[in-house]
2 protein chains.
Amino acid sequence: MTPREAAACCRPVDGMLDPAMFRALGDATRVAIVACLVKCGREASVTEVAECCLVDLSVVSRHLALLARAGILESRREGRTVHYRVRYGHLCDQLRRLADAIEQCCPPGEATGASS
Amino acid sequence: MTPREAAACCRPVDGMLDPAMFRALGDATRVAIVACLVKCGREASVTEVAECCLVDLSVVSRHLALLARAGILESRREGRTVHYRVRYGHLCDQLRRLADAIEQCCPPGEATGASS
DNA sequence: ACAATACTTGCATCGTGACGCAACCGTGCA
DNA sequence: TGCACGGTTGCGTCACGATGCAAGTATTGT
């Protein structure tokens, strides 16, 4: 199969490789925010998150909104406070399903770490 | 634990969230190239890959080099031809280990799809 | 009603990255 | 040695995104 033919052929991996999700994780500040929230293990307000960052609070607000749009975080409003939390289930699921979809195309003979 | 404390605390997830890898997958053209190579299941030359893309061959060459630097692809030279192939094992491993590291911080009560 | 809090949005600036073209390098062949 | 082929690299252009500041919005408390 030539690459040209492969590009036309539809596989599970096509739907999993969403540039928007990866772009969201492709920025140092956003990665720091996500790591912070992941390790925190609970939801946090914009102000709380901004205390871990060197950038302006308005920038943090925009980053959080972007991460939520990308499906990595979710938000909950409580009065004038907005809480953001990691979508652990969705995020881990996406990563594992992508790994599975990629592996499915891996020709025999190439180790992928799994024995399926 | 406040987000500020969480940011200072070191967890496995810190080393796994590499912005460079995600940035590499955060571009539509590069994602198309990776999807093409993944589905192809074999190595392909720069010219072959360029036949699946709408952009100039020089652009494809740069994208392939970037993806190789990010650890997603690897290259092999054969005469004047350069073959690129997906690092299936490394890529899937990275994705799964990241999922594991994130899940490790997930508080009990939040479903992550796994039962560990 | 007024003020304070918590966050969002408009706007200007600046850097980075994607792209195409052209020139260049390395290899193989006549 | 000359030439064709396969890739890479330099350079200019252009668009987008990250940032900070200031202004605006929504909600709470006095």
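Preceding block: the structure.
It should be emphasised that the depicted structure is a prediction, and the values quoted were computed from it without experimental measurement.

Quick word on the pattern of salt bridges
Summed over all chains, the structure comprises 18 salt bridges over all chains. One salt bridge in this structure joins Glu48(A) and Arg42(A), with 3.3 Å as the shortest N-O distance. Residue class for Arg42(A) comes out partly exposed when judged on its relative accessible area of 33%. Among the salt bridges present, the one from Arg76(B) reaches Glu43(B), with a minimum N-O distance of 2.3 Å. Note that Arg76(B) is positioned in strand β2 (residues 73–78) and Glu43(B) in the loop between α4 (28–40) and β1 (44–45), a separation of 33 residues in sequence. On the accessibility criterion, Arg76(B) (35% relative accessible area) is partly exposed.

As for the protein's contact with DNA strand D
Near DNA strand D there are 22 residues, and of these Arg30(A), Asp56(A), His63(A), Thr47(B) and Ser61(B) occur at the shortest range. Put simply, 64% of the atoms of DNA strand D that lie within 4 Å of the protein are in sugar or phosphate. At 3.1 Å from a base nitrogen of DNA strand D is found a side-chain nitrogen or oxygen belonging to Ser58(A). Contacts to DNA strand D include Arg80(A), whose side-chain N or O atom sits 3.4 Å from a base oxygen. Mapped onto the surface near DNA strand D, the elements with two or more residues apiece are α4 (28–40) and α6 (57–69) of chain A together with α5 (46–50), α6 (57–69) and β3 (81–86) of chain B. Looking at the surface near DNA strand D residue by residue, the class counts come to six nonpolar, nine polar and seven charged.

A short note on the interface of chain A and chain B
Contacts between the two partners involve 51 residues from chain A and, on the opposite side, 52 residues from chain B. When chain A packs against chain B, the two sides together hide about 4500 Å² of surface, and 67% of this comes from carbon and sulfur. A salt bridge links Glu103(B) to Arg96(A); the nearest nitrogen and oxygen atoms lie 3.1 Å apart. Where chain A packs against chain B, one counts 20 residue pairs in polar contact (both at pLDDT 80 or more). Breaking the side of chain A that touches chain B down by element, the ones donating at least two residues are α1 (3–8), α2 (12–16), α3 (19–24), α4, β3 (81–86) and α7 (88–105) of chain A. Ranked by residues supplied to the side of chain A that touches chain B, first place goes to α7(A) with 13 residues. Per-class residue counts for the side of chain A that touches chain B are 32 nonpolar, five polar and 14 charged.

Some remarks on the relation of the copies chain A and chain B
Take chain A, turn it by 180 degrees, move it 0.0 Å along the axis, and it overlays chain B with an RMSD of 0.1 Å. The operation mapping one copy onto its partner corresponds to a two-fold rotation axis. For chain A, the smallest separation between a C-alpha atom and the rotation axis is recorded for Phe22(A), amounting to 2.4 Å. Comparing interface residues between copies, 100% of those in chain A also lie at the interface in chain B; the contact surface is shared.

Quick notes on the rules
- Residues numbered from 1 in each chain as written.
- Chains lettered and ligands numbered in written order.
- Predicted model: local features only at pLDDT ≥ 70, side-chain atom pairs only at ≥ 80, totals over all residues.
- Heavy atoms only, no water.
- Salt bridge = Lys/Arg side-chain N within 4 Å of Asp/Glu carboxyl O.
- Buried < 20%, exposed > 50% of the residue type's maximum accessible area, 1.4 Å probe, protein only.
- Helix = DSSP H or I, 4+ residues; strand = E, 2+ residues; numbered from the N terminus.
- Near = heavy atom within 4 Å.
- Polar contact = N/O pair within 3.5 Å; in protein donor to acceptor, adjacent residues only side chain to side chain.
- Nonpolar A, V, L, I, M, F, W, Y, C, P; charged D, E, K, R; others polar.
- Contact = heavy atoms within 4.5 Å.
- Buried area = accessible area lost by both parts, 1.4 Å probe.
- Least-squares fit on C-alpha atoms with pLDDT ≥ 70 in both.

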